[in-house]
Amino acid sequence: MYSTSGDDQTRHPLLRITTLGEFALERLVRTSSRTEDDLPRYTRVKRSEWSNRGPAMALLKVLLCRPNRRASRE
């Protein structure tokens, strides 16, 4: 997922998902003093923020595992 607004260009994904080992979501941390050569910094999204979205998270996990990221309604 990349930013789509014209004034907020980034070369790094806004969200990072780890599927190997423990499933984890991480957000890009914005810093005003960062240069282009600096590595991006991510912070983990707390489980309490996304744990109540069970069906949506299950769908996300299924889509991440599927070739071409498509799945039928079933």
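Data block above holds the structure.
So, here is what we can say about the structure in this document. (Residues numbered from 1 in each chain as written. Predicted model: local features only at pLDDT ≥ 70, side-chain atom pairs only at ≥ 80, totals over all residues. Heavy atoms only, no water.)

What follows is about the pattern of salt bridges. Per the stated rule, a full pass over the model turns up 3 salt bridges. Across the pair Arg 16 and Glu 26 runs a salt bridge whose closest N-O atoms are separated by 2.7 Å. Placement of Arg 16 in strand 1 (residues 15–18) and of Glu 26 in strand 2 (residues 24–28) is noted, with a sequence separation of 10 residues between them. Salt-bridge contacts for Glu 49 lead to Arg 27; the nearest nitrogen and oxygen are separated by 2.8 Å. With Glu 49 in helix 1 (residues 47–50) and Arg 27 in strand 2, this pair connects stretches of sequence that are 22 residues apart. Residue Arg 27 is classed as partly exposed on the basis of its relative accessible area of 39%. (Salt bridge = Lys/Arg side-chain N within 4 Å of Asp/Glu carboxyl O. Helix = DSSP H or I, 4+ residues; strand = E, 2+ residues; numbered from the N terminus. Buried < 20%, exposed > 50% of the residue type's maximum accessible area, 1.4 Å probe, protein only.)

For the rest of this paragraph, the subject is the packing of aromatic side chains. Counting across every chain of the model gives 0 aromatic pairs. Across from the ring centre of Phe 23, 4.6 Å away, lies the NZ or CZ of Lys 61, which sits over that ring. (Phe/Tyr/Trp six-rings, centres within 6.5 Å; stacked < 30°, edge-to-face > 60°. Lys NZ or Arg CZ within 6 Å of the ring centre and 35° of its normal.)

Below, the discussion takes up the environment of Trp 50. With respect to the helices and strands, the residue Trp 50 is situated in helix 1. With relative accessibility at 9%, the residue Trp 50 sits in the buried group. Separated by 25 residues in the primary sequence, Trp 50 and Leu 25 place their C-alpha atoms 9.0 Å from one another. Every residue in contact with Trp 50, bar those within four places of it in the chain, is listed here: Phe 23, Leu 25, Val 45 and Met 57. (Contact = heavy atoms within 4.5 Å.)

Through backbone hydrogen bonds, the strands of a sheet pair up, either in parallel or in antiparallel fashion. Taken together, the 3 strands give an open sheet; going across it, the order is 1-2-3, and neighbouring strands pair in antiparallel fashion. The sheet terminates laterally at strand 1 and strand 3 (42–44), the two strands that pair on one side only. Taking each pair of neighbouring strands and ignoring which way they run, the sheet shows an average axis angle of 30°. (Pairing = 2+ DSSP bridges. Axes fitted to C-alpha atoms, helices over the stretch in contact; angles between N-to-C directions.)

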